[in-house]
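Residue strings, one per chain:
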Amino acid sequence: MTAISEPGARAKRYSGFAVVLQRFGALGFFVALVIIAASSSPYFLTGLNLLNVLRNLAGDGIMAVGILFVILTGRIDLSVGSIAALGSVLSAYLIAASGYSAPVAILLAVLSGVACGIVNGVFIAYLKWRSLFVSLAVMLIVRQLSEITLSGRPIFLGAGGDSLETFSRSLLFGLPESFVFMLGAYLLGGIVLNYTRFGRLITAIGSNEEAVRLSGVAVSRYIVAVYVICGALAAGAGVAITGLIGGAGSAHTSYTVIFEAIAAVVTGGAGLRGGRAGVVTTLLGVLVVGCITNLMALAGVSMYWQPVCMVVIIAIALLIQYGARSLRR
Amino acid sequence: MAELAKLIAITTSFDGVCALRGVDFEVRSGEVHALIGENGSGKSALMRVLCGQMAPSSGEVRIDGTRVEFRDPRAMSIAIVNQEIALAPDLSVAENIFLGELSHVIAWGALRRRARDLIHALGFDIDPRRQVGSLTVADQQIVKIAKALSRKFKIVVFDEPIAELSTSDADRLHKVIGKLRSEGVGIVYVSDRLEEVLRISDRVTVLKDGEVVGTQDAKALTIDDAIRMMVGRPMSALFPEKAARDIGAERLAVRGLSAGPRVRGVSFSLRSGEIVGLGGLVGAGRTEVARAIIGADPRESGAIHVNGREIKVRSPADSVAAGICLAPECRELHGLFPDMSIRFNATMANLSGVANPFGLLKVGLERTVVMDLGRTLRLRESRIDASVSSLSAGDQQKVVLAKWLHAGGEIFILDEPTRGLDVADKSDIHAFIIKLAEAGKAVLVISSEHRELFGLCDRVLVMGEGQLRGELQPRDYSEEKLLSLALPRQAFQQQGETRS
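Residues numbered from 1 in each chain as written. Chains lettered and ligands numbered in written order. Predicted model: local features only at pLDDT ≥ 70, side-chain atom pairs only at ≥ 80, totals over all residues.

Looking at this structure, I do not really get the sheet that holds strand β14 (residues 301–306) of chain B. What am I missing?
Sheets are built from strands paired through backbone hydrogen bonds, the pairs being either parallel or antiparallel. All names here are of chain B. Across the sheet, four strands lie side by side as β12-β11-β14-β15; this open sheet has antiparallel pairing. In the strand order of this sheet, the two ends are held by β12 (266–271) and β15 (309–311), each with one partner. Sheet twist, expressed as the mean angle between neighbouring strand axes with direction ignored, is 20°. Along the sheet, helix α8 (residues 286–294) contacts β11 (250–258), β12 and β14; its crossing angle with β11, the most-contacted strand, is approximately 110°. (Pairing = 2+ DSSP bridges. Helix = DSSP H or I, 4+ residues; strand = E, 2+ residues; numbered from the N terminus. Axes fitted to C-alpha atoms, helices over the stretch in contact; angles between N-to-C directions. Contact = placed C-beta atoms within 7 Å.)

It is not clear to me how the interface of chain A and chain B should be interpreted in this structure. Could you clarify?
Frequently, the measure chosen for interface size is the accessible area removed from exposure when the parts meet. Taken together, the contact between chain A and chain B spans 22 residues of the former and 29 residues of the latter. Looking at the side of chain A that touches chain B element by element, the count peaks at ten residues for helix α8 (residues 197–214) of chain A.

Looking at this structure, I do not really get helix α13 (residues 393–406) of chain B. What am I missing?
Helical geometry: 3.6 residues make up each α-helical turn, so side chains three or four residues apart lie on a common side. All names here are of chain B. A rise of 1.5 Å per residue sets the reference length of α13, with its 14 residues, at 20 Å; its end C-alpha atoms lie 20 Å apart and thus fit the reference within 8%. For α13, a buried count of 13 out of 14 residues is recorded, marking the element as mostly surrounded by other parts of the structure. Looking one or two places after α13, you find Gly-408, whose phi comes out positive at around 70°. (Expected span 1.5 Å × (residues − 1). Buried ≥ 20, exposed ≤ 12 C-beta atoms within 10 Å, placed from the backbone.)

Help me understand unusual backbone geometry, please; the structure alone is not making it clear to me.
Excluding glycine, a negative phi dihedral is what most residues carry, and trans is how most peptide bonds are arranged. The backbone phi angle of Lys128(A) is positive, close to 60°, even though this residue is not glycine. Here Lys128(A) shows up in the loop between α4 (102–126) and α5 (131–150). Lys128(A) gets classed as exposed once you count the C-beta atoms within 10 Å, which come to 8. Positive phi, close to 45°, is recorded for Glu465(B), a residue that is not glycine. Along the chain, Glu465(B) falls in the loop between β19 (459–464) and β20 (467–472).

Quick question: what am I supposed to make of the nonpolar core here?
Across soluble globular proteins, nonpolar side chains show a tendency to be buried alongside one another. Counting 173 residues, the largest nonpolar core has Cys230(A), Leu233(A), Ile293(B), Ile324(B), Ile433(B), Val443(B) and Val445(B) as its most contacted members. Ranked by the residues each element gives to this core, the list is headed by helix α9 (residues 219–245) of chain A, at 17 residues. For Cys230(A), the residues in contact, after removing those within four places along its chain, are Gly66(A), Ile67(A), Phe69(A), Val70(A), Asp77(A), Val80(A) and Gly117(A). Counting residues in each nonpolar core, the second largest holds 62 residues, with Val23(B), Leu50(B), Ile126(B) and Ile187(B) among its members. (Core = buried A, V, L, I, M, F, W, Y, C linked by C-beta atoms within 7 Å.)

Here it is, written out as C-alpha cells:
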C-alpha cells in the first residue's frame, strides 16, 4: 500500500491533530462504521454479506478512480452515472439481443464510454465550455440513449452472458473478481498519479493550470485524456453491474452513483476544486460508501429513502472530518 | 508643529523573524514625512503599525500624545492610500468612493455630486457614473485616492501612490498633498522615486533591514546620500562591474508585434550573451509584450524569429519548444504550484528529462537534478520536498528560474525578477542573470526599478502606451531620460487643451 500513498510533504497549513484527522479521518470513519454495523446486525460480519458488500461497491469504486482523475484537474464529470448505465445496457443488449460474444460486447460498451469521454473532453478542453454544463448535457443525453435502447423492457443476459456473470460472481484470492479488478484499477491509478509524467501533469493542472500552460504543456490534450479515462472506467463499471445482476433492468442503473462516487473522492480527502487527492483515501471513501449502503439495506431502509440517507450521512461525515470549510466554495 | 503621531521603539516579528527592530518614527502636523528603503526594509510593516492594522510585539504608539493600543484605523483618523485599496470593478466611481457609507436607499444625485466635488477638489475630472472597471489604471488610482480622502483625516499615508500615474497626474497629486499639508494634516509619503521624494517632502526617514538608518531634513539630502543610506554602500558597488561579454548572433527577433491596446507594433531583437532591459511605467504594456511573445495571449499581427528562422507561436508550448521561457511577474499565480514541492515545481517544464521513454518518472534522478539546480541557483531551502508556498520570495523566484534552466531555455524573459526580494536574494538573481548571459543565453529583463535596469543591462528599451519609445545606451542611462521616453504623450497634449 505504501507504493500508492502520496509522497512528499503535505500542505503545511494543517498541523498536529488536523493532519491526523485529515489523513486518517476516512479510515477512522470506516472503522467506526464497521463497529456500528457489526453491533447492530449480526448478519453484517458474515462472510457472505462482506463478499456482497465488496461485489456491490466494485462498480462505484471503479468509477471513483475516474472521477478522482477529473477532480484532480479541477473539473467535474457529472455524466459518469449515465455512462455506466449506457455501458450496462449496451453490453446486455449486444449479448442478449444482437448475439455478440461477451468480450466483443464488453469492448464495444467500453468504447461507448470512450466516445462519451471524447465528447466531454473536446467541449471542455478545446472549446473551453464549463465542465459542469457539458457533463450535465452529456449526462442527460446518454441517460436517454440507454432508455431508448431498452425501450421500456429489461434485458436478461441469458446463456450468452455466462462468462460475464461468472466474472462478477466468482472469487479470486477469496475476493470477488470484480473487486480484485477494482483494486487493480486503484493500484494502476496510484502508480500513474505518483510515478508518471502524465500523473504529474494532471496533478499540476489541478494545482495551477495557468502555470502548466505557461510551462509549455499542451494542457487540452491531457484534459481530454482524463475524460476518456473516466468515461471508459464508468462504462466498464456498468458492464460489471450487468454481470452482477444478470442483465440490465432499467436505465436508472447508477442513478445516484455520481453522488456516491464524488462523495467517495471527497470523503477521501480530495477537495472538489482539485489539487491533492490520494488514491488510497479515495479507496477508503469507496469502502465507507459501500458499508453505508449495506448497512441501510440490512436495516431495512426503503429503496426510496436510501439515497436520502446516504447524502445526509456523507454530509455529516464530511462536517465531522473537516468542519464546514470542506464543503464551502 | 504639533506632533500627531509618535511611534517609540517599535519591534514586530512574524514567526520569529523581526520585520522591525526598535523603530522610532513621528508625524507632525503640516509636514510631509517621507519614508524610504529597499524592498523588505520594513516600510509596509511600519505603516501597518501606524494605521493600527498590526500590533507591534513591543514599543508604543502615541496618537495626539496619548498611548493607544491596537485600534480600528478609522477611529484613529488615519487614512492610507496604497495598492491594497480594493475597488469593485462593476460598480460606478461614486459607489466605490462611498462604498462603506451607502444607505439602504441610495440618493443617486447627491452621491454623484459629492463624488464629483471630491474628485474636482483633488484637481481631476472623472465622471462619477463610469464603471470603475472601464477606467484606465491611472484613473483607478485617482479613485482610490478619492476613496481614502472621502473623510477628514489628521494623518494621511501615501504608500507608493504614483507608481501608476503619469507626471502631470503625479504633479496634480503633489498639489493635493501640498493643500492637505497647509491644512495641518500630517502626511507620510512612501515611494521609491527618490527625486520626487526629495522634492516634495520636509523630512526623510530611511529604513534598512527593519531599523532606522536616520531621519534627515529633505533639503540637506542628495539622491546619492539617500541611496547610500538605503543600501549601506554607494550605488556603484550595488551591481557587479560590467565585464565585457561576447555579444553573438541574433537569437530572438520580434517584428511588428501587436496584441490588444497595450502592444502596438513592437519590434526589437536580442542577441546571444546580451542582457537587454525593458523599462517603462506600470501599464505601459511590458508584461503584455512578454506574454504575446510566448503565445500566452493571442496576438493580432507580428512575427517571432528564433535564430533567424520564423517560428509559429500559437501557444506557450510552441515558444517553449523554441527555447523561449518566461519568468512571470506574478510568480504564485503564473509561475508556480504553491502547494507542491520544490522538486515538483523545478522539473515541470521538462518532465521528459527525468522520465524514461514510457513516461515513468525516475525519482532518484529527479532528486539529483533538483539538488544540483538548487546549488546552482543558491537556493536557501535545502529540503527539496518543502512546499513552495513556505519559501521566501527569493527562493520562489529561484525555483521558477530552476524550472527554465532544467528545461534548457535559450532565451530568458524575466518579468520583474527581483520584485519583493531582499537584498541578498536580489544580488543572487543578478549574478545568475549575468551567468546566463556569459553562457551565451539572450536575456530580456523587465523591471520597474531603474537602478536595476541601469546596473544590469547592456541597453534599455523603453515602452510607453503599448509602443517602444526608444532605446538607451549605457552612456545615456539616467532616470530623467528614461521617464521622458516612458511618460504618456497624450497627457501632455490634453493638459494644454482641456485641463488648466
